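If you want the building blocks of each chain, they are given just below.
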Amino acid sequence: MPKEVRFIVVVGSLMSGLGKGITSASIGRILQGQGIKAVPIKFDGYLNVDCGTMNPFRHGEVFVLDDGTECDMDLGTYERFLNFDLKSENSMTGGKLFRYVIDKERKGGYLGYDVQIVPHLTNEIKRWVKKVGEDRDADVVLIEVGGTVGDLENGYFLEAMRQLALEEKVAFVQVTYVPTMDAVGEQKTKPTQHATRLLASLGIQPDVIVCREGEKLKQEAKKKISLFCNVPEEAIIDNPDVATIYEVPELFEKQGLGKLLMDKLDLKSRGRDMVEWTKLVEKIGKPRTEITIGITGKYTALKDSYVSIKEALVHAGAKLGCRASLKWIETTDIEEGKLKADDALKDCQGIIVPGGFGARGTEGKIECIRHARYHGVPYLGLCLGMQLAVVEYARNVCSLKNANSTEMDEKTENPVIDILPEQKTVTEKGATMRLGGQDVEIKEGTNAHKIYGALTARERFRHRYEVNPDYIERFEAGGLIFSGKAPKSNIMQVMELPGHAFFMGTQFHPELSSRLERPHPLFVAFVEAAMKMKK
Ligand code: GLN
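Remember, it's a predicted structure, so these values are computed and weren't measured experimentally.

Here we take up the overall build of the protein. Helix and strand counts for the protein come out as 19 helices and 21 strands. Dimensions of the protein, computed from C-alpha atoms along their principal axes, come out at roughly 70 × 60 × 45 Å. Buried positions account for 57% of the 535 residues belonging to the protein. By sequence separation, contacts in the protein at least 24 residues apart represent 73% of the contacts at least 6 residues apart. For the protein, the computed accessible surface area is about 22,700 Å², with 51% contributed by carbon and sulfur atoms. Here the protein contributes 73 positively and 76 negatively charged side chains, and the mean placements of these two sets differ by 2 Å.

And the structure:
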C-alpha cells in the first residue's frame, strides 16, 4: 500500500526577507532528525519558467540542481540542510505552471472546457505536489510559498493549498515579523494580527506562527498573538536572530515544533537524532582560528548573490574548526584605478574569484588572480574564476599577448577561452547553457586527485565558454596542469598550478554541492591552505 503523504505549507506574511527558506529547511531538518522524510517544494509566483534568466543582483544567486534546473536559492538552502539532491519538480514557478497548463490545453487536455484558474490550474498544483510526494516516497511534502500573503502573484497558489487541506492532512505555518517600536522595547503584535486575518480571509488558519524578531519573543507578545490569531501559545514559535542559520533547527526543536507538527499530521517519531548536526553547529560557534578570504565580484553589494560560496566556507570551517570572515572586493574599483589589488588583498589568506558573466570587472579580477599567483596566496577560481586564471597565466607566464576570453573580447589575438562548439548556434537564453551535474575525470597524481581521493567526481556546471583546446598543449608546456576533464571530450574542468600553496580553478561550481554534513573537499583543502598561510 502506498504511504500516506502529509503536507506542511509555509507562508510568509507582512514582508519578504524573513527567512522563510531557512524556516522551511529547518522544519525539514527536524523532521528528518525524527526519521521522517520531508521533501521540499518551493513555489515562486513569477512568470519566469526558471531563474536562469534572472540577475543575481536583483534576485540572489541562481542555484543549479544536478538535473540542470536553474532555480531559486532557497533550493540551495534545502539541499544544504537536508543533504539530498533535489530535482526540477521541487521548484515550481508561475511560469512553469502556466506553461504546463497552456501546453496541455493545446493538446486537448481539457477538451470541452474553458480553462480556469479554479479548478484547472489549482487542480494541476494539487496533482503536482501529491505526485512529488508519491514519487519521492515522502512522509511529508514541505511546501514553501514564495512572496507574501496578499500578493496577486501567489493568490491562486494559496487557493490550491486551501483546497488541498480539504483532501489531505495539511499543517499551515505562517512566518511573520514582530517589530519593536519604542525605547521601552515593546514588541508590536498588531501587524501579525492583521496578517493572520488576511490569511483567514483566504480560508487558511495557521496551525503554527513563527515570529521573526531581533531579540527573544516576550511572553506578553506571545500571549497576544495566541489570543488574537487563534493559535495555541505553544504553537507560537520564537525565531530571533542567531549566530548561524544552522542553529535554527535546534532552536525550533527546543520549542517543541517537531512534535507539534507531527501530532497535527498524525505522524510518529522514528527516533533518530541530530547528534552530528549539533556537534557541527557547536564547532561553527567556537572556532579555534580565524582567516580572511577575499571574494571578488561585481555583485558584492548583494551578498545573496554568492550565498553558496559563503555557506561552503562555513561547512569547511565547521569541519576544520575555523571561521572564515569574508572581505568583498569590488573589482570595478580596481579597474578604475580607485583600488590596488595588492592593497585590497594584503590581509587575505585566501582568494576566491566566483562565477560571473560579461566583461565588467574582469580586468580587476585578473589583477587579483595575479596577486594570488605571485604572492603564493591560496586561490580558488570558480567557473569564470578558472577561466580568468587561465587568461592571467596566458598573459603573464606564457606571454600570449592580449590573451582573453571571447566572452570579454570577441576579437582577441589569443582566444584562450572560447565558446563551447555546441553553444555557437544557441540563440535562446533560457536553460541553454551547459548545465547541471556532469562527470569529471581526475588526473592521477595531481593535487585534485589528492583532494578528491578518487579518479572521478560529479560536479555541477553552468557555462557557455571553455578553455580553448587549441591552447592546451602550450599551457601544459608552460607548467599549468589540467587535472580534471570531461570524459570522452576535450573540455577542461579543473586546473591547478604545481609548486603553489593552493592554486586551483574549476569549470564547475563545487559550492553548489557542499553541505554542512558533507563539506566539499575542494573548499576543505582551500580553507586548510589558508589556515597554513595564516601561521
Ligand atoms: N561566463 C562564463 C561562461 O559562460 C562563466 C560562467 C560562470 O561563471 N558560471 O562560461
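Relative to the 18 Å expected for 13 residues at 1.5 Å per residue, helix 6 (residues 155-167) spans 19 Å between its end C-alpha atoms, a close match to the ideal helical length. Residues Y156, F157, L158, A160, M161, Q163 and L164 constitute the buried set of helix 6.

Another point: the site of the ligand. As a matter of local geometry, the ligand sits amid G355, G356, F357, C383, L384, Q387, E407, R462, H463, R464, Y465 and H509. The separation between an oxygen atom of the ligand and a polar main-chain atom of L384 is 3.1 Å. One nitrogen or oxygen atom from the main chain of R464 is found 2.9 Å from an oxygen atom belonging to the ligand. Expressed as a share of its isolated accessible area of 300 Å², the protein-covered part of the ligand is 98%. Placement of the ligand is best described as lying within the second largest pocket. Taken together, the elements giving at least two residues each to the shell around the ligand come down to helix 16 (384-396) and strand 17 (456-463).

Below, the discussion takes up the side chain of T189. Inspection of the secondary structure puts T189 in the loop between strand 7 (170-177) and helix 7 (190-201). Looking at T189, the relative accessible area reads 5%, which means it is buried. Within the structure, T189 has its side chain in polar contact with the side chain of Q193 (distance 2.9 Å). Among all residues touching T189, those that are not within four sequence positions of it are A221, K224 and I225.

Our next topic: the nonpolar core. Within the largest apolar cluster, 38 residues are counted, with the highest numbers of intra-cluster contacts made by V416, V467, F475 and F482. Going through the elements one at a time, helix 14 (341-345), strand 12 (350-353), helix 15 (362-375), helix 16, strand 15 (415-419), strand 18 (465-467), helix 18 (472-477) and strand 20 (492-496) are the ones with two or more residues in this core. Take this core: its biggest share by element is 8 residues, from helix 16. When residues no more than four places from it in sequence are discounted, the contact partners of F482 are M386, V390, K443, V467, I472, F475, E476, M492, V494 and M495. Membership of the second largest hydrophobic core comes to 34 residues, among which are I293, L320, I442 and A530.

All right, on to the pattern of salt bridges then. Evaluated as defined, the whole model comprises 41 salt bridges. The partner of K126 in a salt bridge is E167, and the shortest N-O contact between them spans 2.8 Å. Of the two residues, K126 sits in helix 5 (residues 117-135) while E167 sits in helix 6, which places them 41 residues apart along the sequence. Residue E167 is classed as partly exposed on the basis of its relative accessible area of 40%. Because the salt bridges share partners, they merge into one network encompassing K42, D44, D72, D74 and E144.

It is at 9 Å that the axes of helix 5 and helix 6 come closest, and there the two elements cross at 65°. In terms of axis orientation, helix 5 runs roughly perpendicular to helix 6. The way helix 5 lies across helix 6 gives a crossing that is right-handed. Within the contact between the two elements, helix 5 uses I117, V118, L121, T122, N123, I125, K126, V129 and K130 and helix 6 uses Y156, F157, E159, A160, M161, Q163, L164 and E167. Of the residues that constitute the contact of helix 5 with helix 6, the class distribution is 10 nonpolar, 3 polar and 4 charged.

Turning next to the sheet that holds strand 10 (residues 289-297). Strand order in the open sheet formed by 9 strands is 11-10-12-13-21-20-19-16-17, with mixed pairing between adjacent strands. The two strands at the open ends of the sheet, each matched to only one other strand, are strand 11 (322-330) and strand 17. Neighbour to neighbour, the strand axes of the sheet diverge by 25° on average, direction disregarded. Direction of pairing for strand 19 (residues 481-485) relative to strand 20: antiparallel, over a ladder of 4 bridges.

Thresholds applied
- Residues numbered from 1 in each chain as written.
- Predicted model: local features only at pLDDT ≥ 70, side-chain atom pairs only at ≥ 80, totals over all residues.
- Heavy atoms only, no water.
- Helix = DSSP H or I, 4+ residues; strand = E, 2+ residues; numbered from the N terminus.
- Buried < 20%, exposed > 50% of the residue type's maximum accessible area, 1.4 Å probe, protein only.
- Contact = heavy atoms within 4.5 Å.
- Areas by Shrake-Rupley, 256 points an atom, 1.4 Å probe, with all protein chains shown as cover.
- Lys, Arg positive; Asp, Glu negative; His and termini not counted.
- Charge placed at Lys NZ, Arg CZ, Asp CG, Glu CD.
- Expected span 1.5 Å × (residues − 1).
- Near = heavy atom within 4 Å.
- Polar contact = N/O pair within 3.5 Å; in protein donor to acceptor, adjacent residues only side chain to side chain.
- 1 Å grid on protein atoms, 1.4 Å probe; cavity = no way out; pocket = protein on both sides within 12 Å on 5 of 7 lines; lining within 4 Å.
- Sits in = over half its atoms within 2 Å of the grid points.
- Core = buried A, V, L, I, M, F, W, Y, C linked by side-chain atoms within 4.5 Å.
- Salt bridge = Lys/Arg side-chain N within 4 Å of Asp/Glu carboxyl O.
- Axes fitted to C-alpha atoms, helices over the stretch in contact; angles between N-to-C directions.
- Parallel < 35°, antiparallel > 145°, perpendicular 65-115°, else oblique.
- Left-handed = near helix turned anticlockwise from the far one by under 90°.
- Nonpolar A, V, L, I, M, F, W, Y, C, P; charged D, E, K, R; others polar.
- Pairing = 2+ DSSP bridges.

Just geometry here; none of it tells us what the structure is for.
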